[in-house]
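In case you want the letters, here they are:
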Amino acid sequence: MGKKVSITDIAKKAGVSIASVSYVMNGIEKEKRVSEEVANKIRETAALLNYQPNHIAKSLKQGSTKTIGLVVADISNSFFGDMAKAIEEEASKHAYTVIFGNSNEDFSKSRNLVNTLMSRQVDGLIVTPVQGGESKIQKLSNKMPLVFVDRYIENESINYVILDNYAASYDAVEQLYNKGFRKTAIVGYDSDMMHIQERFRGYREAMKRFNPDVETLVGTVSYQSIEEDIANTLDAMLQQEQAVDSIVFATNTLTIAGLQHLRKRRIKIQEDLSVIGFDGNVAFDFFSFPFTYVKQPVYEMGKKAVEILINKMNGKNDFEQVKFKHEMVDSIPVK
């Protein structure tokens, strides 16, 4: 590997001072009264020598790396893929580069990713917290600008952007009730995370109001064994003496897994059983039945997370906690 080209090399080749090269490379040649002819000569020489600026040194000098760290929970979930895209697009509008990591719902991996991003001197972090690590990640807010996205911790000193999960789940049960379905169950992760618990709470409160004589039925699934657990959970729900007539799946991944299992059992969706899921997914196009789902404003959520983070990086002291409203994409026929 050859020696890395320095501004001294450019100065010697171009026959100008090192200071002039430094001014041009830092974009302040006009301020320092470097002529346009000399500036062009320096740029041409730098290109000829294939000069690569030392961004780390420049960042240390400026006090900013113009980078944002992003850690999502599960990139295989299209929701997080869309979220990452929205964050990257919005950050680029402000001349920030996003360095991305996937925790795969594992706190140890999430912690390692955050530590690595901090060692890379990112200016701020956008993080989807995972089970077991919420309070530890929260302590980062004392060290650098931090925004939680999709999930959050109940704390006044935390920035977050989330969906109103309670309202979304409540609305799903009400939607089913208005179409004539009474025996509604919900399937979610076996998790203490606030977004899941809020979806469970919305379900229970709606059932209490609309179907007070019907027993609530909450099925839980482990993230580490989704296919096996979803099969056991759904089979149990459908084998009861008074089987459920409708199910709300509390996440995108569970929706897909649930629909696949129901199809294996040859259950006719919206005829034998009505289903509402969370988030749109191109995979829904492969199912031949009408499908209703809770749509999250994922792009707006991603953009808002970047906006809040940039405000924090620019010295804003107030904490911002934003809840977005859902949209119900309805395809359920009346029972």
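As a reminder, the structure under discussion sits directly above these lines.
Conventions we followed
- Residues numbered from 1 in each chain as written.
- Predicted model: local features only at pLDDT ≥ 70, side-chain atom pairs only at ≥ 80, totals over all residues.
- Heavy atoms only, no water.
- Helix = DSSP H or I, 4+ residues; strand = E, 2+ residues; numbered from the N terminus.
- Buried < 20%, exposed > 50% of the residue type's maximum accessible area, 1.4 Å probe, protein only.
- Contact = heavy atoms within 4.5 Å.
- Areas by Shrake-Rupley, 256 points an atom, 1.4 Å probe, with all protein chains shown as cover.
- Expected span 1.5 Å × (residues − 1).
- Pairing = 2+ DSSP bridges.
- Axes fitted to C-alpha atoms, helices over the stretch in contact; angles between N-to-C directions.
- Core = buried A, V, L, I, M, F, W, Y, C linked by side-chain atoms within 4.5 Å.
- Left-handed = near helix turned anticlockwise from the far one by under 90°.
- Nonpolar A, V, L, I, M, F, W, Y, C, P; charged D, E, K, R; others polar.
- Right-handed = clockwise from strand over helix to strand, strands pointing away.
- Parallel < 35°, antiparallel > 145°, perpendicular 65-115°, else oblique.
- 1 Å grid on protein atoms, 1.4 Å probe; cavity = no way out; pocket = protein on both sides within 12 Å on 5 of 7 lines; lining within 4 Å.
- Points joined across faces, edges and corners; volume = space filled by probe spheres on them.

Okay, the overall build of the protein chain next. Along the protein chain, the regular secondary structure elements total 12 helices and 12 strands. For the protein chain, the residues scored as buried account for 51% of the 335 residues in total. For the protein chain, restricting intrachain contacts to residue pairs at least 6 apart in sequence, the fraction spanning at least 24 positions comes to 68%. Carbon together with sulfur atoms contributes 46% to the accessible area of the protein chain, which is approximately 17200 Å² in total.

Before going further, it helps to examine the side chain of His326. Topologically, His326 is positioned in the loop between β11 (321-324) and β12 (327-329). With relative accessibility at 16%, the residue His326 sits in the buried group. In this structure, His326 is in contact with Leu163, Ala167, Ala168, Asp171, Val294 and Lys295, ignoring residues within four places of it in sequence.

In a regular helix each residue adds 1.5 Å, so 14 residues correspond to 20 Å; helix α8 (residues 165-178) covers 20 Å between its end C-alpha atoms and thus fits that length. Of the positions making up α8, those classed as buried are Asn165, Ala167, Ala168, Ser169, Tyr170, Ala172, Val173, Gln175 and Leu176.

Our focus in this paragraph is the sheet that holds strand β6 (residues 184-189). Read from one edge to the other, the open sheet built from 6 strands follows the order β7-β6-β8-β9-β10-β12, with strand pairing classed as mixed. Here the strands that pair on one side only, and so sit at the sheet edges, are β7 (217-221) and β12. Averaged over all pairs of adjacent strands, the angle between strand axes in this sheet comes to 20°, irrespective of strand direction. The strands touched by α8 are β6, β8 (246-249), β9 (274-278), β10 (292-295) and β12; relative to β9, the strand with the most contacts, the crossing angle is about 160°. Against the sheet, helix α10 (residues 226-238) contacts β6, β7 and β8, and its axis sits at roughly 160° relative to β7.

Turning our eyes to something else, we now look at the nonpolar core. Formed by 43 residues in total, the largest nonpolar core has its most connected members in Phe249 and Leu262. Every element with two or more residues in this core is listed here: α8, β6, α9 (194-210), α10, β8, α11 (252-264), β9 and β10. If one sorts the elements of this core by residue count, α9 sits on top with 6 residues. Ranked by size, the runner-up nonpolar core spans 28 residues in total, among them Leu70, Ile87, Phe107 and Met313.

Bringing the sheet that holds strand β3 (residues 124-127) into the picture now. Read from one edge of the open sheet, 6 strands run β2-β1-β3-β4-β5-β11, paired in parallel fashion. Each of the sheet's edge strands pairs with one partner strand only, and the pair in question is β2 (97-102) and β11. Sheet twist, expressed as the average angle between the axes of neighbouring strands with direction ignored, equals 15°.

Let's shift gears to the packing of α8 against α9. In the contact formed by α8 and α9, the axes pass within 7 Å of each other and the chain directions differ by 35°. When the axes of α8 and α9 are compared, the crossing they make is right-handed. Counting all contacts with α8, which are made through Asn165, Tyr166, Ser169, Tyr170, Val173, Glu174 and Tyr177, the residues of α9 involved are His195, Glu198, Arg199, Arg201, Gly202, Tyr203, Glu205, Ala206, Met207, Arg209 and Phe210. Broken down by class, the residue content of the contact of α8 with α9 amounts to 8 nonpolar, 4 polar and 6 charged.

The next point concerns the pairing of β7. Relative to β7, β6 runs parallel, the two sharing 5 bridges. If you follow Gly188 over to β7, its bridge partner there is Thr220. Handedness of the crossover is the feature at issue here: the chain leaves β6, passes through α9, returns alongside β7, and the resulting connection is right-handed.

Turning our eyes to something else, we now look at unusual backbone geometry. Although it is not a glycine, Arg33 adopts a positive phi angle of roughly 60°. By secondary structure assignment, the location of Arg33 is in the loop between α2 (18-25) and α3 (36-48). Located in the positive-phi region is Asn104, a residue other than glycine, with phi close to 55°. Mapped onto the fold, Asn104 is located in the loop between β2 and α6 (107-119). Asn104 gets classed as partly exposed once you look at its relative accessible area, which sits at 38%.

Viewed as axis vectors pointing N to C, helix α5 (residues 78-93) and helix α12 (residues 298-313) meet at an angle of 45°, and their least axial separation amounts to 8 Å. When the axes of α5 and α12 are compared, the pair comes out oblique. Handedness of the crossing formed by α5 with α12: right-handed. Along its contact with α5, which presents Phe79, Asp82, Met83, Lys85, Ala86, Ile87, Glu90 and Ala91, the element α12 presents Val298, Tyr299, Met301, Gly302, Lys303 and Val306.

One pass over the structure, following the stated rule, counts 2 cavities of 30 Å³ or more. Estimated volume of the largest cavity: approximately 150 Å³. The wall of the largest cavity is formed by 16 residues, among which Asn77, Phe80, Arg151, His195 and Thr251 lie closest to the centre. Of all the elements in the fold, those that place two or more residues in the lining of the largest cavity are α5, α9 and α11. Roughly 30 Å³ of volume is contained in the second largest cavity. Every residue lining the second largest cavity is listed: Tyr152, Ile162, Leu163, Asp164, Asn165, Tyr166, Glu198 and Lys323. At the level of elements, β5 (159-163) and α8 are the ones that each hand at least two residues to the lining of the second largest cavity. Within the lining of the second largest cavity, the residues separate by chemical class into 4 nonpolar, 1 polar and 3 charged.

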